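Secondary and tertiary structure notes
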Amino acid sequence: MKYPTVTSGRLGMAAMILAAAWALIVVPSGGDMTLILSGSIYCAFAILALSLALIWGFSGILSFGQTAFFGIGGYAYAVLALNIGDTTAAALLAILVAAAVAAAIGYFMFWGRLGDVYLGVITLVLSLILYRFINQTSGSEWKIGKAPLGGFNGIPSTPILTDLQGAPLWPEQIYVLCVLALILSYVICRLLLATGFGRVVVALRENELRAELLGYDTRLYKLGAFCISGGLAGLAGVLFANCVFVSPNMFSLATSSQLLVWVIVGGLGTLAGPVIACFLLLAFSNWLGTLNAGAWLDPNLVMGLVLTLFVLVLPKGILPLMQAGCDRLLAVVRHRSTAAKVMAQEEM
Amino acid sequence: MDYVAIILLQTTISIANLVLISAGLAVIFGMMRVINFAHGEFLMLGGYTAVIAAQHGVPLLLSCFVLAPILVGLVGLVVEYLVIRHLYGRLLDTMLATWGVSLILIGLVTVSFGNSVSGISTPFGSVAIGRFTIGLYELFLVAVTIALVVAGYLVMRFSRIGLIARATMQDREMAEALGINQRAVYRATFVTGAALSGFAGALIAPIAGVVPTIGASYLAKCFITVISGGPAIIAGTLSASGLLGGVNVIMTFLSTPVLAEVALLATAVILLRVLPQGITSKFFRRSQ
């Protein structure tokens, strides 16, 4: 009889499926409202982490200002939903808007053939300026159609997605939607990386010149990857708008730095790592907040320390490290069991 | 007539401001090809030094010219020793790590001094031009900036330190082969950049006030200026400040200061589409 070989990848897959089952079946039926509300927000952020993991880890494009597309997605959803009334259409359009903005910025960056550093600076500056711009739109003259932008207050009247009968979704339904969207986004990223397009993108991360010499127009591939990532970030923004409401904080530097920390802690070049790190670190900072440990637990200080230490000491992140450790452990176990078998045979 | 004069003066002030706050970043970028994301926080620390010293009765100019550069230079030295020197040659990692450092500095200052705005009154009073008034302190800043640029040019052009700096910028391997200690040059550069930022931050403090998070509001402008300017430190900063400062003032007069910042970004993005390595990659190529 043949047993399937146990590998760290398969163990990880099994753990992910168990976690998804728990999130989809146990949590909504338990009726714990805090868990459901924060779970929805965590899932929206996890999709944002996924969007950066895709563009940074697999295409080698470090977008410091991924929150720009997150915020644009959220604001586009709120503005469109208030204007056209149909929230489903608004949600889909908002994702397209975020992807379109990514395309426009991407055109200038990739056709200008800007280097890594410049890409980082331009995207970061984009989110910084959007943050300042949105923050000062509090006057009544700042309106798009029927939607007031609301300055630093954001748009508290952000409409909630509706079901087929036109009734707003319950928090439980939003939660399930967010979990499903996260799973779907993960699967889309996985499938995308398995296609020819995904392979070329990874190839140009490894060596852009070589990919170019093989005849690929690397600018187009980068633009494609950047658009998809922008769209994913837009989706995260739409979901976030449904869990809370849209406010300038979506663009803020704090959000951008948290996002970078999730990806680098989880593991660059993995998709599951940033998602796991996002959940763990959000839960961790929530827990820190409840500790009342005084001023020394300033969130910036903690985030900064984590970011700097990981860059210096563990630039590969936790997930690859765990996988390597797991593989070693499995190898040891396998070695022992074969040794035991051999000894048993010898005794007979 | 006085309207034209005031616009010209405002433009000059705006350009000088950009040069002043970007100088430290430009030195580090020009020499080391490292974008220092903690630049805004170095400015912020300079500002805090000036404000706290003023609250203890130290005259502003003393803290600007002596205290702030020394203190922020020391912070730069510590940051270089603990973080940057492990990351030379890993560009993106340097960006990430300096961002981490910037968050740590924001956190530390928030913990120590709280989150509120502090400020000092702007010295020197103001002068009237026709119907408008303009702060004398802002004109003083223009003068300081001009002096700084001239001093920078003289040092780069005529001193031995400037020679070493130019050699390292042009070809670092060759400079190393000729017996220049790379590590020492890099450390000195980082400390100089930090000290310059502290100096600028202290000078700006009376106009801008200080909060722990003020770095972010300088960040956008400084980065855009430095990467639009390109590799040459002085010529790059001057030409980019001239262009972007001009756009900024014109857009501020036509609409609002924030829309002017949006225009600043748009200008820079379009500029980089045409000149990806910045202005000095094509023009003023033989300058410093």
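Here the structure is a predicted model, which is why all the values come from computation and not from measurement.

In this section: the environment of L136(B). All names here are of chain B. Tracing the backbone through its elements, the reader meets L136 in helix α5 (residues 136-158). Looking at L136, the relative accessible area reads 34%, which means it is partly exposed. Separated by 23 residues in sequence, L136 and S159 place their C-alpha atoms 33 Å apart.

Attention now goes to helix α9 (residues 215-229) of chain B. Side chains of residues three or four places apart in an α-helix project in the same direction, reflecting 3.6 residues per turn. Residues and elements named next belong to chain B. Look at α9: 21 Å from first C-alpha to last across 15 residues, which is about the 21 Å you get at 1.5 Å a residue. Most of α9 is tucked away, with 13 of its 15 residues classed as buried. Backbone geometry just after α9 places G230 at a positive phi near 90°.

The tally for this structure, following the rule as stated, stands at five salt bridges over all chains. As a salt-bridge pair, R132(A) and E261(B) come within 3.2 Å of each other at their nearest N and O atoms. With one member in each of two chains, R132(A) in helix α5 (residues 116-135) and E261(B) in helix α11 (residues 257-274) form a pair that bridges those chains. Owing to a relative accessible area of 31%, R132(A) belongs among the partly exposed residues under this scheme. On the basis of relative accessibility, which here comes to 7%, the residue E261(B) falls in the buried class. One salt bridge connects E206(A) with R205(A), and the closest N-O pair in it is separated by 2.8 Å.

Looking now at the layout of surface pockets. All names here are of chain A. In this structure, the largest pocket encloses a volume near 1400 Å³. Of the residues forming the lining of the largest pocket, the biggest block, 13 residues, is contributed by helix α1 (residues 8-30). Classifying every residue of the lining of the largest pocket by side-chain character gives 34 nonpolar, ten polar and one charged.

Residue and element names in this part refer to chain B. Those residues carrying the UniProt feature "transmembrane region" (unreviewed entry) are residues 6-29, 60-84, 96-114, 134-156, 222-244 and 250-275 in this numbering. The annotated region residues 134-156 carries 91% helix and 9% strand content, and the separation between its end C-alpha atoms amounts to 34 Å. Spanning residues 250-275, this segment combines 88% helix with 0% strand, and its end C-alpha atoms are found 23 Å apart.

Every regular strand shows the same layout, with side chains that alternate between the two sheet faces. All names here are of chain B. Bridge count for strand β1 (residues 126-129) against strand β2 (residues 132-135) is four bridges, and the pairing is antiparallel. The residue bridging I129 from the neighbouring strand is F132, located in β2. What sits between β1 and β2 in their antiparallel hairpin is a turn of two residues, with G130 showing a positive phi close to 60°.

Further remarks concern the interface of chain B and chain A. The interface is formed by 43 residues belonging to chain B together with 41 residues belonging to chain A. Across the interface of chain B and chain A, roughly 4000 Å² is buried in total on both sides, 82% from carbon and sulfur atoms. The largest share of the area that chain B buries against chain A comes from L96(B), W99(B) and R273(B), three residues that together contribute 18% of it. Remark: the boundary between chain B and chain A carries one residue pair in polar contact (both at pLDDT 80 or more). Of all elements in the fold, only α4 (91-113), α9 and α11 of chain B reach the threshold of two or more residues within the side of chain B that touches chain A. Looking at the side of chain B that touches chain A residue by residue, the classes come out as 32 nonpolar, seven polar and four charged.

Attention now moves to the packing of helix α4 (residues 87-111) of chain A against α5(A). Residue and element names in this part refer to chain A. Two elements in contact, α4 and α5, have axes separated by 11 Å at closest approach and are oriented at 155°. The angle between α4 and α5 places the two elements in the roughly antiparallel class. Helix-helix and strand crossings are classified by hand; for α4 and α5 the assignment is right-handed. Each of I105, M109 and F110 in α4 lies in contact with α5, whose residues at this interface are L119, I122, T123 and L126. When grouped by side-chain class, the residues that make up the contact of α4 with α5 number six nonpolar, one polar and no charged.

Another aspect to go through is helix α1 (residues 2-32) of chain B. All names here are of chain B. In this model, α1 (31 residues) spans 44 Å end to end at C-alpha, consistent with the 45 Å of a helix rising 1.5 Å per residue. The principal kink in α1, of about 50°, is found at A23. Looking at the residues trailing α1, positive phi occurs at R33, about 55°.

Overall, the coordinates contain 23 aromatic pairs over all chains when judged by the stated rule. With centroids separated by 5.4 Å and ring planes inclined at 50°, the aromatic side chains of F45(A) and F240(A) adopt a geometry described as tilted. Placement of the pair is F45(A) in helix α2 (residues 33-58) and F240(A) in helix α9 (residues 218-243), with a sequence separation of 195 residues. Classification of F45(A) by relative accessible area gives buried; the value is 11%. Relative accessible area serves as the criterion here: at 12%, F240(A) is assigned to the buried category. Here a set of aromatic residues connected by ring pairs shows up, and it is made of F45(A), F70(A), F240(A) and W262(A). Positioned above the aromatic ring of Y81(B) is the side chain of R85(B), whose terminal nitrogen or guanidinium carbon lies 4.0 Å from the ring centre. Above the face of the F158(B) ring, R157(B) is positioned so that its terminal group lies 5.6 Å from the ring centre.

Parameters at a glance
Residues numbered from 1 in each chain as written. Chains lettered and ligands numbered in written order. Predicted model: local features only at pLDDT ≥ 70, side-chain atom pairs only at ≥ 80, totals over all residues. Heavy atoms only, no water. Helix = DSSP H or I, 4+ residues; strand = E, 2+ residues; numbered from the N terminus. Buried < 20%, exposed > 50% of the residue type's maximum accessible area, 1.4 Å probe, protein only. Expected span 1.5 Å × (residues − 1). Salt bridge = Lys/Arg side-chain N within 4 Å of Asp/Glu carboxyl O. 1 Å grid on protein atoms, 1.4 Å probe; cavity = no way out; pocket = protein on both sides within 12 Å on 5 of 7 lines; lining within 4 Å. Points joined across faces, edges and corners; volume = space filled by probe spheres on them. Nonpolar A, V, L, I, M, F, W, Y, C, P; charged D, E, K, R; others polar. UniProt positions renumbered as here; feature names shortened; annotations may be inferred. Pairing = 2+ DSSP bridges. Contact = heavy atoms within 4.5 Å. Buried area = accessible area lost by both parts, 1.4 Å probe. Polar contact = N/O pair within 3.5 Å; in protein donor to acceptor, adjacent residues only side chain to side chain. Axes fitted to C-alpha atoms, helices over the stretch in contact; angles between N-to-C directions. Parallel < 35°, antiparallel > 145°, perpendicular 65-115°, else oblique. Left-handed = near helix turned anticlockwise from the far one by under 90°. Bend = angle between axes of the 7 residues up to and from the residue. Phe/Tyr/Trp six-rings, centres within 6.5 Å; stacked < 30°, edge-to-face > 60°. Lys NZ or Arg CZ within 6 Å of the ring centre and 35° of its normal.

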